[in-house]
Amino acid sequence: MTIVDADVSVAAVTPNGPAVSCRGVRKHFGDGEARIEALRGVDFDAAFGELSFLVGPSGCGKTTLISVIAGLLDRTGGDLDVLGERMDDLTGTERVLFRRRNLGFVFQQYNLLPALTAAENVAVPLLAAGMPRKEAVPRARALLDRLGLAARTEALPATLSGGQQQRVALARALVHEPRLVVCDEPTAALDHKTGEGVMELLAEQAVRPDRAVIIVTHDSRVFRFAHRIAQMDDGRIVEVRREVA
Amino acid sequence: MNFVALRMLTGDRSKYFGLVFAIAFCTFLLENQTSIFANILKRTASQILDVTDAEVWVMDPKTEYWEQTKALKDTDLTRVRGVPGVQWAVRLFKGNPVARTTTGRFAASFLVGLDDATLAGAPRRMVLGSWERLREPDSVVVDRAGYILLFPGEPLELGRTLEMNDHKVTIVGISEASAPFVSLPVMHARYSEAVDFLGRERTQLSFIIARPAQGVTPETLTERIASQTGLRARTTTEFMWDCVDYYLRNTGIPVNFGITIAVALVVGTVVAGQTFYLFTVENLKQFGALKAIGVTNGGLTGMILLQAASVASLGFAIGTGMAATFFEIFQHKLATRGIVLMWQSVALTFACILFVAVVASVLSIRRVLVLEPAAVFRG
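What counts, and where the lines are drawn
Residues numbered from 1 in each chain as written. Chains lettered and ligands numbered in written order. Predicted model: local features only at pLDDT ≥ 70, side-chain atom pairs only at ≥ 80, totals over all residues. Helix = DSSP H or I, 4+ residues; strand = E, 2+ residues; numbered from the N terminus. Rg over C-alpha atoms; globule rule 2.2 N^0.38 Å. Buried ≥ 20, exposed ≤ 12 C-beta atoms within 10 Å, placed from the backbone. Contact = placed C-beta atoms within 7 Å. Axes fitted to C-alpha atoms, helices over the stretch in contact; angles between N-to-C directions. Parallel < 35°, antiparallel > 145°, perpendicular 65-115°, else oblique. Left-handed = near helix turned anticlockwise from the far one by under 90°. Core = buried A, V, L, I, M, F, W, Y, C linked by C-beta atoms within 7 Å. Domains from an automatic or database assignment. Nonpolar A, V, L, I, M, F, W, Y, C, P; charged D, E, K, R; others polar. pLDDT = per-residue confidence, 0-100. Pairing = 2+ DSSP bridges.

On to the overall build of chain B, then. Looking only at helices and strands, chain B has twelve helices and twelve strands in total. Taking 2.2 N^0.38 as the reference for a compact globule, 379 residues should give roughly 21 Å; the C-alpha atoms of chain B span a radius of gyration of 29 Å, well beyond that estimate. If one aligns the C-alpha atoms of chain B with their principal axes, the spans along those axes are about 95 × 50 × 35 Å. Counting every position in chain B, which comprises 379 residues, the buried fraction comes to 45%. Restricting the contact set of chain B to residue pairs at least 6 apart, pairs at least 24 apart contribute 81%.

Structure, rendered in structure tokens:
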């Protein structure tokens, strides 16, 4: 696939190294008495070709950690390499362009644009990269076809079921072939069966040797899809275990 | 991302139409009120502007506007004619006699007495008859609106008679005079007869109208006349603005209209601006998602500006169309004839709408730029 945006090159990292490397990552919000330590020195690796789960109770820092990894939040300490880039070395705009080229997002609430059709929603990352609409939308349709939504490409999000919306969101996260996909509670708003379907699709479509997938969830029913599960508590990784897929 | 911006804007039809019509009604209100205000003030000088023969008006030094006259001496005319640069100068009478029809219907009127020899200042836009027939004895030209006021429901017809100050006068022409500030008939007669139609006073000379000789500007001539005669001399345009200025300073019109225009401005701009701002705020989650996906701040700013520009342009166009339609309909009514949509009002309103769009955009852009993209993970 040719992405028009050439401001930031695709991160040149070999699949041999970790896609994401966190060492002693810290993040706090507020100051003084209002200071909250969200991350208290996190060590975490996400490998290429794997589904890495970040699990733990609400408020343990999972979402903060993926926000820092995705460059949506600045950390306050520690080292962070994402796809071989030290995020500290990037300016604000470079970080946005890095995200645009290398990251795909799946949100808990889908965050689809309600005025756009499913195919147009999927095409948004390509349009943001400067690809012409007449090229981007057909490409998005083709991906939706692969994800089993060929019949709903022109449907508005409001007319789609929760599972279908999450599949559209998944397609949007993958359409520009990012090296890192970050998913925040992708099954939380779905019933068990639909959530299973989405996870199966995620495991099937997202996992590639040159791509890492990080999933934040506390839905234990989908843990079986994980290659690696990092248990978080109180701003720290307390356990990492490898699962046999 | 222009396509995405426009689809976000038009996707929610009710919000979109609400935005467009808020701006359209703001535009309509502003153009309507400012045009009516300007046109009504212009009416205070209608009879000055209708005199197209002369470019210079000479009057008593204390005269401030058309309605306020103190008679000049007959010798003043000779003195004005003696000023270098005067091509010609003639007398002009203005009075307010009561005209009565044979059926007993009557109305106070504006009577303009024209120089007997030249008929300078005669109405040039005639609906029926000819201003040259004013040379006939006891004749007047009445404007169309005045005719309808005196003879309601009757067809325009020459030869009808009126009685003014015990004089029977015949209508020899019907003119299309500019609407006066007060809706009274506008009549023209010869000077020598006009003074009799009102009732003799010791002096009757209201104004002297003059035309500068070739190579002399009206402004230069007015300065010369003023310095050499001690009389007040104004160009037609200056005299028009004197009248407008007088009404602005001495009547409640500017205050009343000013309040209406200010309310229209405030209500229109606040509603339009707030609606657009709220539209952006309600879409913050979508902008946050776009920001996380990798749309730059510049890209988001461009999207918001495009949304503001398109909604403001459409609203302004619809509002201007509504205003134009309004004035097109009402300019054919007798009472509101001559009140038109002024390009100055359109330009002023455009500036206001542009200001609203810019302010609303800046506030909206600020909200989007400070938005933390990580917020999208918090649902």
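All right, on to the packing of helix α3 (residues 118-128) of chain A against helix α5 (residues 162-174) of chain A then. Residue and element names in this part refer to chain A. The N-to-C vectors of α3 and α5 enclose an angle of 30°; their axes lie 7 Å apart at closest approach. On the basis of their axis angle, the class for α3 and α5 is roughly parallel. Where α3 crosses over α5, the handedness of that crossing is right-handed. The residues of α5 that touch α3, namely those facing Ala118, Asn121, Val122, Val124 and Pro125, are Val168, Ala171 and Arg172.

Residue and element names in this part refer to chain A. Within the chain, Asn111 stands out as a residue other than glycine whose phi angle is a positive 50°. As for its placement among the helices and strands, Asn111 is situated in the loop between β6 (103-106) and α3. The class for Asn111 is buried, based on 24 C-beta atoms found within 10 Å.

This part covers the nonpolar core. Residues and elements named next belong to chain B. Core analysis: the largest hydrophobic core is formed by 186 residues, its most contacted members being Ile23 and Val58. No other element matches the twelve residues that helix α2 (residues 13-43) contributes to this core. Residue contributions to this core reach at least three from each of two domains, namely domain 1 (2-43 + 252-378) and domain 2 (49-250). Discounting chain neighbours no more than four positions away, the residues touching Ile23 are Ala272, Val311, Ala312, Gly315, Phe316, Gly319 and Ile353.

Residue and element names in this part refer to chain B. Each domain of chain B was delimited in the assignment, giving domain 1 (2-43 + 252-378) and domain 2 (49-250). For domain 1 and domain 2, the distance between their C-alpha centroids amounts to 46 Å. Each side of the interface is counted separately: domain 1 has eight residues, and domain 2 has ten residues. If you list the elements that add at least two residues to the side of domain 1 that touches domain 2, you get α2 and α9 (253-282).

Between chain B and chain A, the residue contacts involve 22 residues of the former and 24 residues of the latter. At the level of elements, α1 (2-11) and α10 (284-293) of chain B are the ones that each hand at least two residues to the side of chain B that touches chain A. Residues that form the side of chain B that touches chain A fall into these classes: twelve nonpolar, six polar and four charged.

The next point concerns helix α2 (residues 92-102) of chain A. Of all eleven residues in α2 of chain A, eight are buried, a share of seventy percent or more. Listed in full, the buried residues belonging to α2 of chain A are Arg95, Val96, Leu97, Phe98, Arg99, Arg100, Arg101 and Asn102 of chain A. Of the surrounding elements, those touching the buried residues of α2 of chain A are β5 (85-86), β6, α3 and β7 (180-184) of chain A together with α10 of chain B.

This part covers the confidence of the model for chain B. Residue and element names in this part refer to chain B. Looking at chain B, pLDDT values average 88 and 98% of them are 70 or higher. Least confident of the elements in chain B is α9, whose mean pLDDT is 82; most confident is strand β7 (residues 139-143), at 94. Both confidence scores are given for the complex: pTM 0.75, ipTM 0.83.

This brings us to the sheet that holds strand β1 (residues 18-29) of chain A. Residue and element names in this part refer to chain A. The four strands are arranged β2-β1-β4-β5 in an open sheet whose pairing can be described as antiparallel. Only two strands of the sheet have a single partner each, and these edge strands are β2 (36-47) and β5. As paired elements, β1 and β2 share nine bridges and run antiparallel to each other. Opposite Val20, over in β2, you have Ala46 as the bridge partner.

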